Amino acid sequence: MGRTYGRFVAFGVFAGLMLFVGAGTLQPAFGGEPIRIGSLLSKTGGGADWGKKMEVAAQIAVEEINTKGGVNGCKLDLVVKDTGTDYQRAVALLRDLAVQDRAQVILGPAMSGEQNVVFPMANKLEIPIFGATGAAAGIAAKNRPWSFKNTVSDAKMLGPAIEAFIKKYKIRKVALVQDTKDGWSVATAKILPAMYKERGVEVVNESNPISWETGAIDFTAQVGRLKELKPDGLAIAAIYGEVASFAREMQKQGLNLKGADGSGIYASEFIVQGGKAVEGWVVASSFWPDNPDPKVSSFVKKFRARAAAVTPKNPEPTWADGNTYDAIYILADVLRKQKITGGMDLKASRQLIKEGLQNVKNFPGVTGSTSIGTDGEGVKQTYVLIIKDGRFQRFE
Amino acid sequence: MSPVIWAYVGINLILTLSLYLNFYCGQFSLGVAAFMGLGAYLSSVLTVTYGLNLNLALLISSAVTCVVGVLLAFPALRLKGFYLAIATIGLVEIFRVMFKNIPFIGGTAGFSGMVGTSLPLIYAWVILTLALVWKIEHSRLGWAMRAIHQDETVAEMTGLNTTYLKVVSFGIGAAVAAIGGGLYAHYMFYIDPDAFGFHRSLIILLFLVFGGQTMWGILVGVPILTILPECVPQLGGMRMVFYGAILVLIMNLRPQGMVPEDLVRRVHGRYSHMRGTRSQ
Amino acid sequence: MFLQQLLNGLLLGSMYSLVAIGYSLIFGILNLLNLAHGEVFMIGGFVGLYVAVSLHQPILVSVMAAAAGAGLCGLLLEITCFRYIKKEYPMAPLLATVGFALILSNLASLVSGAEPRMFPMEIDLGYLQIGDLYISNLQLSMFVFAVLLMVAIDLIVKKTEIGRFMRAAAENVNLSRLVGIDIRQVTRIILILSSALGGAAGILVGMRMGKVSPFIGSTIGMKALAVMVIGGLTEVRGSMFTGLIIGVIEVLVVAYLSSAYVDGVVWVLLIMILLFRPSGLFGSTQVDKL
């Protein structure tokens, strides 16, 4: 390529880039003065399926509320930004939402990793942030007073699930299995042995858990070790992708063990990826999608219909989606009680919202009754679910 | 444009300068992510657990990382080119595994609680670093490093102590990376080992090569590449595809980078004739 | 039990070997580093999955389809990253392949979703049981496939005309050009061949793991790169055996130590090899090319 020609092409590319820059920074105009809820969701990248579905859940809630007249006469405006499952981006987008878009409150982000970085920043910016997902404990508590979550830590949820599990499969010995890389798994694995031992179950490998790292692809070694330990069941704290593969490997090697776990495996993908190998597994959850309560069934129906267009391979709502739906309703309730309107002074409205969130008590939603504790973390009721016939069903 | 992006630009500038220092001396070391991580963790522990002033913590962690860099430089002397590159990638991964297994700094759960950076502070350090690198380039040290880069055997024959020079470039590069890491940690308020894997080194290499491996190149290339993914939010999922396509395109059209060596020289040449240290 | 773990390790290692062989072909002969190799492997997995599950084809056809799809990617790679970039800028093709990898993995994620896609359990080939040892037929066939491949490539390189051209190019590119060898053609063939190989590995590994994920390319890719270097850059045989060795070591570390260190193992080995035996475990001493 001739020198000059090359330079022209390079310039052309550069100019094209600048055009994109210009186009990208154009802000759409907003009519009226709606109440602005900023939302950080991972719609692309590794957490894409979660983010996309949570957006659907939030949109359903916002539309329902707006159809009924909004809050205090103002419409709710949900501004969603895609973090790309990249927490550096998440931080940048938080700034955008808080400063440029003048959001009054933030919903999200979806993944614990992102929350770890975004919550402290929101705290610094003095904007209330409300996380509907992320099972890692204590993130809100560490970032008071502006951080809130309506998820409940697994320590409280697992108890009933473990009891049901022990009773159903007559467990006397369990093997401890965990993910050593994921924060939630590590924290949960620390409390599991005590929870089993106080119910009279022996943990055969407490000092030497069978383990892997998130993203591990080979489980032959771990299953081999498991065979030697000969437990009746698994005390497991890990994430659905790897647990599903682990379960399949067990099945391949002729081992038929079940486990009880918390939100790490409560994802419809767990059943999709685990297939028959995860039949009979017990899960602690704050959401029971087949709940006959009309509020729940109506949400689930609407969700399935819309999710089918967005994540066709994965349209079933899970606790993340239920929580997001409830989070919007909780926020709307707080907004109503605190008499927030769209044109209100930003600082004042954020302060009022923060105070409102601190006082959420027994809010009825599709995930049961939710309160927010003094540490900012959620307090909810638990459902014990079991995987039967390829679905999460209530444990009888 | 959000101020956050500019903070990232500043931090990336420092990190890329660290890489630049190594490449300047002909050492294709990709260990910048490891030293960044070391600096990040050290400075964070100093401010959070021991309550030190941020700038002091940055200086201390930078000094310690420099020493680590110097120690690692000696085995690295044996390796050249591609081998050094891949060995340093291995180093980065090993550091990452180490960070994950030290409970004192949080292990996989990460470390948080840092506060204290602001945009002006970051750019103050950027300017300091730029000044440092400029000074080196225009000193005997820099001239000697370039000689090694051009042809190591000849450099040795002319009496340069190549060992000393290579170790020095490694150490200073490590120190600079540590500053970048410390600023990163105190801006993000949270770090975990995965932020410092080989992907990080690869991205910084990208900045350097895209820029053209010159100081001006870095000043032009880093902002462009850092800001680029944020400019096109309407592309949604295609954002990274677009980024990848731009990369492929630019590497084909302008493989020498935005502001390569000969461009700098030609521009210099137009404004002055005799330049002592740049005569070739 | 130890024997079972040893076996597990060999079978895991054959997966690394298959991918590493692709790297060593490209680097050994062309002196080019292709950082998109892991993503090509991933594309092979997806193509194979589609053919096997949606088109209900038998496994052999799926493997060939995977190889073909990946080979096509290899050709695209050659055009976009290697054909037009002048050789004076060694970093440029490298970073172009990084860009290409980004495109591939994000396109795959857009088309298929971010979550991995499963191979239905019925596609598994069953188990062989010798005494106390379980050997998956699938893993066995992967192992056999890798061995056959190594032999085949060895034959191609030593006995065919194109193989002679490849060896000539590896020795001295300029001289080869002088004697009339079309380096462009050789480059193209090698890229297509090694990508096809990677693609076949992709579907076999996908079947073994039960799933393919858009983001698996870089994990496997980097490790396989390390395997190639440990084995001795230019030696295809080196990649083969080193892959097996690394697999065994990793499995033993997980079984008897802890999985927390597993990621670091291959890199520690890499550094040790580079310091003490830079030509690699199986390499002969050769002139440094970069």
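Given the structure is predicted, the values throughout are model-derived calculations rather than measurements.

What chain C contains, in helices and strands, is eleven helices and four strands. Against the 2.2 N^0.38 benchmark of 19 Å for 290 residues, chain C shows a C-alpha radius of gyration of 19 Å, consistent with a compact globule. With the C-alpha coordinates of chain C rotated into their principal frame, the extents come out at 60 × 45 × 35 Å. Considering only intrachain contacts with a sequence separation of at least 6, the fraction spanning at least 24 residues in chain C is 77%.

Next up on the list: the overall build of chain B. Secondary structure assignment for chain B yields twelve helices and two strands. Scanning chain B from its N terminus toward the C terminus, one meets helices and strands in the order α-α-α-α-β-α-α-α-α-β-α-α-α-α. A globule of 280 residues ought to have a C-alpha radius of gyration of about 19 Å, and chain B, at 19 Å, matches this closely. Put simply, chain B has 280 residues, and 56% of those count as buried. The long-range fraction of contacts in chain B, counting pairs at least 24 apart against all pairs at least 6 apart in sequence, stands at 81%.

Residue and element names in this part refer to chain B. Between its terminal C-alpha atoms helix 1 (residues 3–24) stretches 31 Å, which fits the 32 Å expected from 22 residues at 1.5 Å a residue. The buried fraction of helix 1 is high, at 20 of 22 residues. Immediately downstream of helix 1, the backbone of Gly26 shows phi near 85°, a positive value.

When the parts of a complex come together, some accessible area is lost, and that lost area is often taken as the interface size. Across the boundary between the two partners, chain B contributes 32 residues, which contact 34 residues of chain C. For the side of chain B that touches chain C, the elements supplying multiple residues, two or more each, are helix 4 (81–100), helix 9 (198–211) and helix 11 (239–253) of chain B. Take the side of chain B that touches chain C: its biggest share by element is eleven residues, from helix 4 of chain B. Of the residues that constitute the side of chain B that touches chain C, the class distribution is 21 nonpolar, seven polar and four charged.

This part is about the confidence of the model for chain C. Put simply, chain C has an average pLDDT of 81, and 93% of its residues get 70 or more. Scored as a whole, the predicted complex attains pTM 0.83, and scored at its interfaces, ipTM 0.82.

Residues and elements named next belong to chain C. Packing of helix 2 (residues 37–54) against helix 9 (residues 216–231) leaves a shortest axis separation of 7 Å and a crossing angle of 125°. By the angle between their axes, helix 2 is oblique relative to helix 9. Of the two elements, helix 2 crosses helix 9, and the hand of that crossing is right-handed. Residues His37, Gly38, Glu39, Phe41 and Met42 of helix 2 form the contact with helix 9, whose participating residues are Ile216, Gly217, Ser218, Ile220 and Gly221. Considering only residue class, the contact of helix 2 with helix 9 consists of four nonpolar, five polar and one charged.

The next subject is the sheet that holds strand 5 (residues 147–149) of chain A. All names here are of chain A. If you trace the five strands from one edge of the open sheet to the other, you get 2-1-3-4-5, paired in parallel fashion. In this open sheet, the two edge strands, each paired with only one partner strand, are strand 2 (76–82) and strand 5. Within this sheet the neighbouring strands show an average axis-to-axis angle of 25°, counted without direction. Strand direction decides the pairing type here: strand 3 (residues 105–107) and strand 4 (residues 129–131), joined by two bridges, are parallel. Opposite Leu107, over in strand 4, you have Phe130 as the bridge partner.

Another point: unusual backbone geometry. All names here are of chain A. Residue Pro109 is bonded to the preceding Gly108 through a cis peptide linkage, with omega at -10°. By the element assignment, Pro109 lies in the loop between strand 3 and helix 4 (112–125). Residue Arg144 is joined to Pro145 through a cis peptide bond whose omega torsion reads 5°. One can find Pro145 in the loop between helix 5 (139–142) and strand 5. Here the phi dihedral of Asn362 falls at roughly 50°; this positive angle occurs in a residue that is not glycine. Relative to the elements of secondary structure, Asn362 occurs in the loop between helix 13 (346–358) and strand 12 (363–365). For Asn362, a count of 9 C-beta atoms within 10 Å puts it in the exposed group.

Moving on to helix 13 of chain A. The end-to-end C-alpha separation of helix 13 of chain A is 19 Å, in line with the 18 Å expected for 13 residues at 1.5 Å each. Listed as buried for helix 13 of chain A are A:Ser349, A:Arg350, A:Leu352, A:Ile353, A:Lys354, A:Gly356 and A:Leu357.

A general trend in soluble globular proteins is that nonpolar side chains are found buried together. Counting residues in hydrophobic clusters, the biggest one holds 327 residues, and the most contacted among them are A:Leu94, A:Ile106 and C:Leu270. The element contributing the most residues to this core is helix 8 (residues 162–188) of chain B, with 16 residues. Two domains each donate at least three residues to this core, and these are domain 1 (35–152 + 294–381) and domain 2 (154–285) of chain A. Those residues in contact with A:Leu94 that lie beyond four places of it in its chain are A:Leu40, A:Ile106, A:Val118, A:Met121 and A:Ala122.

What follows is about the pairing of strand 13 (residues 368–372) of chain A. All names here are of chain A. Sheet analysis places strand 12 next to strand 13, joined by three bridges and oriented antiparallel. Bridging across to strand 13, Gly365 finds its partner in Gly368. Linkage of strand 12 to strand 13, two consecutive antiparallel strands, is achieved through a turn of two residues. Linking strand 13 back to strand 14 (residues 378–380) in an antiparallel pair, the connection comprises five residues, with Gly376 at a positive phi of about 90°.

Rules used in this analysis
- Residues numbered from 1 in each chain as written.
- Chains lettered and ligands numbered in written order.
- Predicted model: local features only at pLDDT ≥ 70, side-chain atom pairs only at ≥ 80, totals over all residues.
- Helix = DSSP H or I, 4+ residues; strand = E, 2+ residues; numbered from the N terminus.
- Rg over C-alpha atoms; globule rule 2.2 N^0.38 Å.
- Contact = placed C-beta atoms within 7 Å.
- Buried ≥ 20, exposed ≤ 12 C-beta atoms within 10 Å, placed from the backbone.
- Expected span 1.5 Å × (residues − 1).
- Nonpolar A, V, L, I, M, F, W, Y, C, P; charged D, E, K, R; others polar.
- pLDDT = per-residue confidence, 0-100.
- Axes fitted to C-alpha atoms, helices over the stretch in contact; angles between N-to-C directions.
- Parallel < 35°, antiparallel > 145°, perpendicular 65-115°, else oblique.
- Left-handed = near helix turned anticlockwise from the far one by under 90°.
- Pairing = 2+ DSSP bridges.
- Core = buried A, V, L, I, M, F, W, Y, C linked by C-beta atoms within 7 Å.
- Domains from an automatic or database assignment.

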